[in-house]
Amino acid sequence: MAEESPRSLAYLREEMGRFPAALAAEFQRALDRMPDSITEAQTVVWAGVGVEIAAQTVRSWEAASQYYAVSPSVVVCMPFRYFARWAECGSSLCRESPTLAAAFFEASPGTMARLRSRHIESWAGLGRSLYKGTWKSSTLACKFFAASPDLVESLTFPQLERFVSFLAALSHRSSDLSLECLGLGRQIFPLMGDDKDAFIGLASTLVETNWREVKTFFDAGARALPRIDPGQRMHFLRLARRLVGAGNANVPMLMLDMSQSLFQIERKHHAAILALAESLVEVSPAAVPEFVKGTPLVLDKISLNQIQAWFDQGVTILRQNPDGGMAYFKMESARAEEALESISSRIEFERVKDVMEMYCRALAGADVKLAVTDDLVEKNIGWVSNESPSTEGSTVYVPTVVDRYLTKNENFEWLKVVSTHQTAHLEFDSFGFRFDAPSRLFDDARHTVEERKKKLAEEASDDRSLPRQDYATDAQRFFNLFEDRKLALDIFTVVEDGRLDSRVKTEYWGIRRPYARVQLHSLSERPSVKDLPAREALVEFLVRLSLQQHRGLPAPKPYLREARRIARIAGKVLSPRAAVEDVAEATLRIYAIISRIPNEKLAPEEWEDVDVDESGEEYEDAEGMDQLLRQMGQGLDMDLRPGDEEEFESSQEVGFRGDFKPELVQLLAQLRVQEEQGGQEGGEPISQEALEELLKNSAELDLEAVQGEVQNAAGFANNILQEAGASLPDAAQSGQGPPAHVHEDGGELEPDEPQTFVYDEWDFRADDYKPRWCVVRQKTMMEGDPAFYGATLHSYGALVGKVRRQFELMAPETFRKVRKLEDGEEIDIDDVVEAMVDIKTGVSPSDKLYWRRNKVQRDVSVAFLLDTSASTAEAIDEGRRAPEDWGAPDDPVEYMAWLRTRRGEAVKRSYKRIIDVEKEAIVLLINALEAIGDVYGIYGFSGYGRENVEFYTIKDLDENLSDRVKRRIDRVAPLHATRMGPAIRHATTKLAEQDARTKLLFLISDGRPQDRGYSREGVEKEYAVHDTKMALDEARHQDINAFCLTVDKNGHDYLKTMCEDIGYEVLDDINVLPERLLQLYRRLTM
Amino acid sequence: MTTQTLYRSYIIEEYHLTREPYYVPVGDEVELFEAAYKAKIPVLFKGPTGCGKTRFVEYMSYRLGRPLTKVNESSGGGHNLPLVTIACHEDLTASDLVGRYLLEGENTVWIDGPLTRAVKAGGICYLDEIVEARKDTTVLIHPLTDHRRILPVEKRGELLEAADGFLLVLSYNPGYQSALKDLKHSTRQRFVAIEFDYPPRPIEAEIVRHESGADEAVAHQLAKLGEKVRNLKEHGLGEGASTRLLIYAGRLITQGIAPRRACQVAINWAVTDDESVQRSIEEIISSIFE
């Protein structure tokens, strides 16, 4: 531009005058801000370009004005040489579109600060490449410039180029989409690390394969990537790209789902999971998202190291059976659960409950229950820790999950040790403490101390008229002896636990080793003794002693003698002869010694390690003991302590021993007895006040720590009274609300109401069960008009009589003559003749000459399962459409509407429906069955969805025929869909409970099984058929003969599969159903 | 030529015990039985399987067969009380007990049934698990068990009067029979009933030790195991582990089988087929045995 004769600045100003004044003003402002380093000639050049731009078109003065405005900030970024080129770029852009140029200039200050000068032209070129002359493309290009400062910040130039070419490619499809992606890109690129290439690359791939997903992809990227470990984002994108490459649909959605799952696991695990996922792409791309989605659940149960094994097993299944593998990774397969269970090292309470409960029962010899600690805490009766195992006298509480060790075995052993210890409380009678029972190993001192205390109290208060009993339980009476109950409880707990541990080990040799291991482990978790003040240190000394540490026990030097003494006392109760009363005596003595030791911190040099003899050496009360106990009796145990000592903290609980609350347990036991006896016998009942008094004083209760609103002793007392009285199950909580809609792809279901049952479902593609997949809701059929029963019998008149006679004839036929017996009702003349012949011919004859009539008792239980699906509303006369055509909508709301109209139609019909014939058949059947006295039940089934399989009882197996049953038949009506499998399973369960020699399951249906999500994916009716077949096979394995009778003329095709080894019949004419049913029944049960 | 008999066979009524069976009295059952025998009152044993009912009757027959004052040790100087044990089963008929005609060549011969033999010989007739037998057999014993003490032999038209030493003893396990198989009251009320149960732990340990040859510690642990497993009765177990099973386990251990394994096969798998109960018992075993 410098070629022309240099125009003067004045000339240029004049030129500017041709344009709106704003331009000149802007120029002047810019000129003032131009750096001093710009020469005059350069200034002229600069100003000239502006005028040039302004002159291009009508609106280009605006671009020029923008040019001036930004120039001062641009010129400082680069040498003037480049600056001139920049201006030239703008100028040429303006020739294309002034708006574009304006946007270019506007974005320049921000961009130039970060862009290499040599890229200026390329950058302008990028913008121009987006501009296609249309209004939309102009917007895109402008937006690109506007976004450039941010983009340049987060992308390298080659990346930027690729991004722009992606945008250009996308704009061919949709400019709007391109525009949106530009905006999203601006947001998300800063979130990414080195993975932008991958991201842009993936986006470009998507443009080619499925451009409509691009935006969701950006959206997903924006939301998904931050959830992933920064170092792994590239991997994640690479995975997504491979999924796109493998033809997975809707990858953005999958990305979101996967990132959501990854977000739930620890970031440091992302790398491993993504690596596994990537290796899975080669086997089955479709399984990848399922695998990733399942990882949080899986990692919840097993560790990262173990996931490989679990994964490998899934891959193996996947290779053999893709559907099975999918189900495996979806966790919708029993095999996946088993695999997890076998790999997982943790022990889940539910899985071992039965075994451990029986174990505890056997040990305790009482009806012990086993439950999780959460239940105990929930009762809010004084136990607060969800972690600590405990017992309240009738139930042993253990943690829900044990996951402390690396192997399942160790975890199980821990649970076993814990259960054994808690059961030992019951077996060795911790809670049977009686204040008056003599101890075996010590001279009883309890009474002496109590009397002294009493005397003291009497002296203190002149009121002699209250010799009232101030305790509710023996344990309370015992703890009343101590001023410092907390210390006493601590000592009592340690000594008692020590006794139990030692007792368990002498009684149960087999568990010694795991027991010792757990003890050792607990020992390693103990706090350092030397950090504790003296009195606490001595309690800790006892704890360690009880955990079998005999060597190198640190003890405070000033109290070595005391330490050795308490060790000897504690050692004494390790004898198998020791009972809880001995523990009480030991507690008394140890307390007497420890309680007077000031709880003061000691210097590090004031400690000495002590060795204690393992063999509980003989301890005899020394003279000093009497003195100590006397002082205790005088209530001096606290008085002798220095005032400035540290507050006594209870010793840290020993994990496997858990909570021990003798006072509370005794109280509960006593209250229960009181409740049972109606409060009349068994001493005076515990009053509410006495109860509150106990709870207030007890050291076992930390009123502060208890959750919930009840924080005072009174509230507690209520809870406890309730617990003691209301051990009966709570009133049934029957919330009969409408069942929640459960999505077909959801997980397992649980029975949520009474009368609901959960069954597995067979997935033939996966070749495995989907665990707990269907909920059967059992209901009793409503009652209708009783006239129906009689009317039906009447209308079938002749047939009724005939059938009844036939059935009555069946009964005597069941006597069977048994021949060739050694002994019987009579001699069989044929056999005798034969024997005589034998004798005559010199052969030794058979002595089996008798016959006997064996009365074979007819012993039949039969369940009739009636399909009451909507399709039974079909009129009989109407040419029956194939059931596939009935066109039920898949959406539940639509479905219900559809159903209503259908049923509305049915009411208007005057002709017979399939269901009507079914009902008539039932009436005849009942009539016939009553004649032979078989046990029979009649049920209808229908339902909608796997969470809602309706199972209607018309007549239960154990029910007698009554008018109510007759009335129920009238109400049998077409309902919803036909999910046969669960209904068959439920009927099977019912039959299995029957004690009959012959059990029959009779299925009467009008078509193939189908239900929402049952006859999946339209064509795949096979699923339902296979599940039904499996259900029938299950029945057969339980010795139940099944028979299917269908009125669906097209039934042969699927019944062949469904009833492979099972009898079935297809009725051509529905009208013969009642008669045929009876014939079949006779034939089957003869 | 000398042939050596490879087996020993006895004529029913000549079978009597020559050596004192091992039996440890738990309560006063010995005195009771002796008194009942002398007073000629039939006895009914009630108790779970394998708790020593049969052993007790053997012991008593030996004991009662011996003269009270031991004059001559060597030559079994007593009148030896025969013991006829009949295990009852569903198809046991009256003629199985009383006797029947058999064809022998052209003729028929009458063969006395075991009960008849015991009646004639004046021994103890022990009907084990009486409820298993058919109803007609229980009626058959009625005249034998009251003051008449006679056995009608219908087919020969005879009435047999029981010899002096005859005593009918039944055993009956009230636990596991179905309600159908309960003993009729008209039958039950002809007997004095002695209840048996598994012996208390120390006695049981001693029995196990003696019978199995296991050492004392093992015997004690077995007895403990028995006690614990019996706690599970009605909680999934129909019947607890019997003393007999404990002895079997003890014998296996003496033969060198590892204790846990021995208990598994002799006790756990013998008492139940229920897998979860088996697992529970497995845990008990592993707690008790190293």
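In case you missed it, the structure is sitting above this.
The sections below set out a description of the structure shown in this document.

Reading the values: the criteria
- Residues numbered from 1 in each chain as written.
- Chains lettered and ligands numbered in written order.
- Predicted model: local features only at pLDDT ≥ 70, side-chain atom pairs only at ≥ 80, totals over all residues.
- Heavy atoms only, no water.
- Helix = DSSP H or I, 4+ residues; strand = E, 2+ residues; numbered from the N terminus.
- Buried < 20%, exposed > 50% of the residue type's maximum accessible area, 1.4 Å probe, protein only.
- Contact = heavy atoms within 4.5 Å.
- Areas by Shrake-Rupley, 256 points an atom, 1.4 Å probe, with all protein chains shown as cover.
- Pairing = 2+ DSSP bridges.
- Axes fitted to C-alpha atoms, helices over the stretch in contact; angles between N-to-C directions.
- Buried area = accessible area lost by both parts, 1.4 Å probe.
- Salt bridge = Lys/Arg side-chain N within 4 Å of Asp/Glu carboxyl O.
- Polar contact = N/O pair within 3.5 Å; in protein donor to acceptor, adjacent residues only side chain to side chain.
- Nonpolar A, V, L, I, M, F, W, Y, C, P; charged D, E, K, R; others polar.
- Phe/Tyr/Trp six-rings, centres within 6.5 Å; stacked < 30°, edge-to-face > 60°.
- Lys NZ or Arg CZ within 6 Å of the ring centre and 35° of its normal.
- Expected span 1.5 Å × (residues − 1).
- Parallel < 35°, antiparallel > 145°, perpendicular 65-115°, else oblique.
- Left-handed = near helix turned anticlockwise from the far one by under 90°.
- Patch = residues over 30% accessible without salt bridge, like charges linked within 9 Å, V, L, I, M, F, W, Y side chains within 5 Å.
- Lys, Arg positive; Asp, Glu negative; His and termini not counted.
- Charge placed at Lys NZ, Arg CZ, Asp CG, Glu CD.

## Details of the overall build of chain A
Reasoning step 1: Assigned secondary structure in chain A consists of 43 helices and 18 strands.
Reasoning step 2: A burial count over chain A gives 54% of its 1086 residues as buried.
Reasoning step 3: Taking contacts inside chain A between residues at least 6 apart in sequence as the whole, the part at least 24 apart equals 74%.
Reasoning step 4: Accessible surface computed for chain A: about 47,800 Å², of which carbon and sulfur atoms make up 48%.

## Focus on the environment of Met-326 of chain A
All names here are of chain A.
Reasoning step 1: Inspection of the secondary structure assignment puts Met-326 in helix α18 (residues 322-329).
Reasoning step 2: Overall, Met-326 belongs to the buried group, its relative accessible area being 18%.
Reasoning step 3: When the C-alpha atoms of Met-326 and Ser-284 are compared, they prove to be 8.8 Å apart, with 42 residues separating the residues in sequence.
Reasoning step 4: Excluding residues within four positions of it along the chain, Met-326 makes contact with Ala-286, Ala-287, Glu-290 and Leu-318.

## Details of the sheet that holds strand β17 (residues 1040-1046) of chain A
All names here are of chain A.
Reasoning step 1: In spatial order, the strands read β8-β9-β15-β14-β13-β16-β17-β18; together these eight strands make up an open sheet with mixed pairing. The open sheet has two edge strands with one neighbour each: β8 (756-763) and β18 (1063-1066). Adjacent strand axes in the sheet meet at a mean angle of 25 degrees, parallel and antiparallel pairs treated alike.
Reasoning step 2: Summarising the sheet, strand β16 (residues 998-1005) and β17 pair through seven bridges and their orientation is parallel. Looking across to β17, one finds that Phe-1002 is bridged to Phe-1043.
Reasoning step 3: Seen against the sheet, helix α40 (residues 980-992) touches β8, β9 (768-780), β13 (860-867), β14 (935-943), β15 (949-955), β16 and β17 and runs at an angle of roughly 155 degrees to β16.

## Regarding the interface of chain B and chain A
Bring the parts together and some accessible area is lost; that lost area is often taken as the interface size.
Reasoning step 1: At the junction of the two partners, chain B supplies 26 residues and chain A supplies 27 residues.
Reasoning step 2: Between chain B and chain A, roughly 2,300 Å² of surface is buried when both sides are summed, and carbon and sulfur atoms account for 51% of that area.
Reasoning step 3: Viewed at the interface, chain A and chain B are joined by five salt bridges.
Reasoning step 4: When the shortest N-O distance is used, the salt bridge between Lys-416 of chain A and Glu-283 of chain B registers 2.8 Å.
Reasoning step 5: Where chain B touches chain A, the interface holds 18 residue pairs in polar contact (both at pLDDT 80 or more).
Reasoning step 6: Among the elements of the structure, α9 (216-230) and α12 (275-288) of chain B are those that each provide at least two residues to the side of chain B that touches chain A.
Reasoning step 7: Here the side of chain B that touches chain A gets nine residues from one element, more than from any other, and that element is α12 of chain B.
Reasoning step 8: In the side of chain B that touches chain A, the residues fall into seven nonpolar, ten polar and nine charged.

## Details of the side chain of Thr-111 of chain A
Reasoning step 1: The residue Thr-111 of chain A is located in helix α6 (residues 98-112) in this model.
Reasoning step 2: Setting aside anything within four residues of it in sequence, one finds Thr-111 of chain A in contact with Trp-123, Ser-148, Pro-149 and Val-152 of chain A.

## Considering the packing of aromatic side chains
All names here are of chain A.
Reasoning step 1: Counted by the stated rule, this structure contains 44 aromatic pairs over all chains.
Reasoning step 2: Where Trp-46 meets Tyr-68, the ring centres are 5.3 Å apart and the plane angle is 85 degrees; that geometry is what we call edge-to-face. Here the residue Trp-46 occupies a position in helix α3 (residues 40-56), and Tyr-68 occupies one in helix α4 (residues 60-75), the gap between them amounting to 22 residues.
Reasoning step 3: By relative accessible area, which is 0% here, Tyr-68 ends up buried.
Reasoning step 4: A connected cluster of aromatic rings, assembled from ring pairs, spans Phe-27, Trp-46, Tyr-67, Tyr-68, Phe-80, Phe-83, Trp-86, Phe-104, Phe-105, Trp-123, Phe-144 and Phe-145.
Reasoning step 5: Just above the ring of Tyr-82 sits the side chain of Arg-81; from NZ or CZ to the centre is 4.8 Å.

## Things to note about the sheet that holds strand β2 (residues 83-87) of chain B
Residues and elements named next belong to chain B.
Reasoning step 1: The strand order across the open sheet formed by five strands is β2-β5-β8-β1-β9, and the pairing between neighbours is parallel. Either end of the sheet is taken by a strand with one partner, and the two such strands are β2 and β9 (192-195). The average angle at which neighbouring strand axes cross in this sheet is 20 degrees, direction not considered.
Reasoning step 2: In this sheet, strand β8 (residues 167-172) lies alongside strand β1 (residues 43-46) in parallel orientation, the contact comprising four bridges. From the neighbouring strand, Val-43 faces β8, where its bridge partner is Val-169.

## Overview of helix α22 (residues 408-427) of chain A
Reasoning step 1: Relative to the 28 Å expected for 20 residues at 1.5 Å per residue, α22 of chain A spans 27 Å between its end C-alpha atoms, a close match to the ideal helical length.
Reasoning step 2: Phi turns positive one or two residues past the end of α22 of chain A, at Asp-429 of chain A, with a value near 65 degrees.

## Brief notes about unusual backbone geometry
Residues and elements named next belong to chain B.
Reasoning step 1: Phi is positive for Lys-40, which is not a glycine, with a value near 55 degrees.
Reasoning step 2: On the accessibility criterion, Lys-40 (32% relative accessible area) is partly exposed.
Reasoning step 3: The phi torsion at Arg-149 lies on the positive side, around 55 degrees, for a residue other than glycine.
Reasoning step 4: Along the polypeptide, Arg-149 turns up in the loop between α6 (142-145) and β6 (150-153).

## Focus on the packing of helix α11 (residues 196-210) of chain A against helix α13 (residues 233-245) of chain A
All names here are of chain A.
Reasoning step 1: At a minimum axis separation of 9 Å, α11 and α13 run at an interaxial angle of 15 degrees. As judged from the angle between their axes, α11 and α13 are roughly parallel. Once α11 is placed against α13, the crossing between them reads as left-handed. Touching Ala-198, Phe-199, Gly-201, Leu-202, Thr-205, Leu-206 and Thr-209 of α11 are Met-234, Leu-237, Ala-240, Arg-241 and Val-244, all from α13.
Reasoning step 2: Grouping the amino acids of the contact of α11 with α13 by side-chain chemistry returns eight nonpolar, three polar and one charged.

## Observations concerning a nonpolar patch on the surface
Reasoning step 1: On the surface, a nonpolar cluster with roughly 280 Å² of combined accessible area is contributed by Ile-829, Val-833 and Val-837 of chain A.
Reasoning step 2: Note on Val-833 of chain A: relative accessible area 47%, which makes it partly exposed.

## So, the pairing of β6 of chain B
Residues and elements named next belong to chain B.
Reasoning step 1: Relative to strand β7 (residues 158-161), β6 runs antiparallel, the two being bridged by four bridges. By the bridge assignment, Val-153 is partnered in β7 with Glu-158.
Reasoning step 2: Between the end of β6 and the start of β7, which pair antiparallel, lie four residues, with Gly-157 showing a positive phi angle near 65 degrees.

## Considering a negative patch on the surface
Residue and element names in this part refer to chain A.
Reasoning step 1: On the surface, Asp-374, Asp-375, Glu-378 and Glu-387 cluster together into a patch of negative charge.
Reasoning step 2: Looking at where Asp-374 falls in the secondary structure, it is placed in helix α21 (residues 373-379).
Reasoning step 3: On the accessibility criterion, Asp-374 (31% relative accessible area) is partly exposed.

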